[in-house]
Structures are given as C-alpha cells and as structure tokens.
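Working through the structure, step by step
What follows is the residue order along each chain.
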Amino acid sequence: MDIQGHRGCRGLHPENSLPAFKKALDLKVTTLELDVVISKDHKVVVSHEPFMNHEIALDVFGNEITPQLEKSFNLYTMTYDSIKLYDCGSKKHPRFSFQKNEKVYKPLLTEVIDLAENESGKTIFYNIEIKSMPEYDSIYTPKVQEFVQLVLNIIEAKGISNRAIIQSFDVRALEEVRIQNSELTTALLVDENESIDSKLKELSFKPDIISPYFKLLDKKSVSNFQDNGFKIIPWTINEVADINLMIDFKVDGIISDYPDRVIQVGKSNN
C-alpha cells in the first residue's frame, strides 16, 4: 500500500515544513504529499494556501494574523525572501494536539525535493497538489498554464518525473498537465461535497488515480473503480478505525496526517 504523509506529517510537525517531511521520511512513508503555490518572483513555494493562514502563521513581528486579514498576506504579491520571514510553526494548532511546535518557514519545492532525494536515496515518491482555482487566477496564483509549467519545470529539472504525481481539485490544472507532459501520473481530487462520477466526466481523459474524501467510498465503489483501471487513494484518514476500514476496502493508498498510525495498523494487520 502507498502510504502518503499528508503535508509531510501534519499530525506530528508543522504542515508542509522541512521537519514534517524529514519525519515522514524517517517513518519510511512511500510518498510525500504536499501543496504548491507561486510567489511574486515565480518561485514554487510549498504551502496549502496562497496566503498566510491564520491557523498556522504569525506575522514577521511574531503577532497573530486574524482570519479577517489572512488573505491580505497574499503570497503571489510577495517575493520568496519576504515569505520566508513568516513563522509557520510556532503557533499551537487548534486541531493537532500532538504536533511539535517549532519555528519553520514555507520551503521551496526544490528544497523539499533536495532533502527527500538525499534522505531516501532517490526512492521517495512525490504527490504534488496544484492549488489553483478559477477565482484565484491572476490574483493569488498565475493563470493555470503558467502555474503548471513552473511546477513541471522543477519536476523535470530534478529528474523525478517517474516518481511524481500531480494532483488537483481543479480539472483545468490536470488538463494542462496532460497537454504539457502526458507521461506524468495524474490524480483527480474529489471534495466531500462532490460526486466522483460527475467530476470524472469533467475531464477529457482518464486520470491514473482518483483521490476522494474517504467517506465518499464504500467497498463496492472502490472495487468498481479499480476494475475500470483507476487507483484509489483517499484523503485524509487519521483515525485507526477509518484506517482499518480503508484497508478492508483494499484502497491502493492512504493519505494521512499520521502516517505512523497507518504504518502501525498495516503491521498489525499482517
């Protein structure tokens, strides 16, 4: 089974940070799952939002960022040197009580790849989410064609094309990946308020992987999708009972904030 550390391993270390990826590698995950956005100077930055999320970030003076003001800290209007000044790990996360708080910055995609290639001996896989959506175009992110190109340039330059998955909720991004490099593995993300079948129909091609919210699945649907040539890798499964359920459904992989739990459950089931 493909064990994917969600945002590194958000349950244990600040999300999308170098310590989180290092811990996930130490745990021997199969795949690092991460999100990317773009800075003003066209750097590919590892971040779940294209702004400083109030839940995880402090401003450059160490002050709280309010929910009302978080989107004004727009990464697409900031150079990477500026983005790096923000502490995105010292603040206690409201939903992850086991998370070790430490001062971290939002790393570049190139930094994460360099760390992971070195630590894993070039065996680790990468599941990279392109955080585009139509309402973000030219405001929080570049237009989707440029966004995809910036990401694929790095994947190709780093020589990880055969170990990279590009995932997105935005079907435009997956279509663009298909145009720019049809050899890359693609994963269609499906949100909890969406239908897997309806979303598949929005694509002009069959993605390699369907990654739905895990509660959209049952044993029969998993089997049917697999019979039709899809891999099923749901998100984000954190509780032991749910991990066991997904293993029982025979999914192809599990994305988790606690990859250590998935590994432990896997061992106990063998």
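A brief look at the structure comes next. Remember, predicted model here, so these are calculated numbers, not experimental data.

About the cut-offs
- Residues numbered from 1 in each chain as written.
- Predicted model: local features only at pLDDT ≥ 70, side-chain atom pairs only at ≥ 80, totals over all residues.
- Heavy atoms only, no water.
- Salt bridge = Lys/Arg side-chain N within 4 Å of Asp/Glu carboxyl O.
- Helix = DSSP H or I, 4+ residues; strand = E, 2+ residues; numbered from the N terminus.
- Buried < 20%, exposed > 50% of the residue type's maximum accessible area, 1.4 Å probe, protein only.
- Phe/Tyr/Trp six-rings, centres within 6.5 Å; stacked < 30°, edge-to-face > 60°.
- Lys NZ or Arg CZ within 6 Å of the ring centre and 35° of its normal.
- Core = buried A, V, L, I, M, F, W, Y, C linked by side-chain atoms within 4.5 Å.
- Contact = heavy atoms within 4.5 Å.
- Arc of directions from axis to C-beta.

**Topic: the pattern of salt bridges**
Counted by the stated rule, this structure contains 16 salt bridges. Residues lysine 91 and glutamate 64 are paired through a salt bridge, measuring 2.9 Å at the closest nitrogen-oxygen approach. Of this pair, lysine 91 sits in the loop between helix H2 (80-83) and helix H3 (109-120) while glutamate 64 sits in the loop between strand S3 (44-46) and H2, placing them 27 residues apart in sequence. When its relative accessible area of 16% is taken as the criterion, lysine 91 is described as buried. Taken together, the shared-partner salt bridges connect Arg7, Arg10, Glu15, Asp35 and Asp257 into one network.

**A short note on the packing of aromatic side chains**
Geometrically, a pair of aromatic rings is defined through the distance of the ring centres and the angle of the planes. The tally for this structure, following the rule as stated, stands at 8 aromatic pairs. A centroid spacing of 6.2 Å and a plane angle of 65° characterise the contact between phenylalanine 51 and tyrosine 140, whose relative ring orientation is edge-to-face. Highlighted residues: phenylalanine 51 in the loop between S3 and H2 and tyrosine 140 in the loop between strand S4 (125-130) and helix H4 (144-157), separated in sequence by 89 residues. Given the relative accessible area of 6%, phenylalanine 51 is considered buried. Tyrosine 140 sits in the buried class, given a relative accessible area of 15%. Judged by centre distance (5.9 Å) and plane angle (90°), the rings of phenylalanine 169 and tryptophan 235 are edge-to-face. Of this pair, phenylalanine 169 sits in the loop between strand S5 (164-168) and helix H5 (171-180) while tryptophan 235 sits in the loop between strand S8 (231-232) and helix H8 (240-248), and the two are 66 residues apart along the sequence. In this structure, lysine 84 is placed above the aromatic ring of tyrosine 105, and the distance from its NZ or CZ to the ring centre is 4.7 Å. Stacked on the ring of phenylalanine 230, the Lys or Arg lysine 206 has its end atom at 4.9 Å from the ring centre.

**Section: the nonpolar core**
Within the largest apolar cluster, 66 residues are counted, with the highest numbers of intra-cluster contacts made by Leu32, Val36, Leu109 and Val151. Of the residues forming this core, the biggest block, 8 residues, is contributed by H4. Excluding residues that lie within four positions of it along the chain, leucine 32 makes contacts with Gly5, Phe21, Ala24, Leu25, Val112, Ala116, Ile124, Phe125, Tyr126 and Asn127. Residues Ala57, Ile65, Leu75 and Ile83 belong to the second largest nonpolar core, which totals 15 residues.

**Description of helix H1 (residues 18-27)**
By the burial criterion, the buried members of H1 are Ala20, Phe21, Ala24 and Leu25. Buried residues of H1, viewed axially, fall in a sector of 135°; they line one side. In the stretch just after H1, lysine 28 is the one whose phi turns positive, near 75°.

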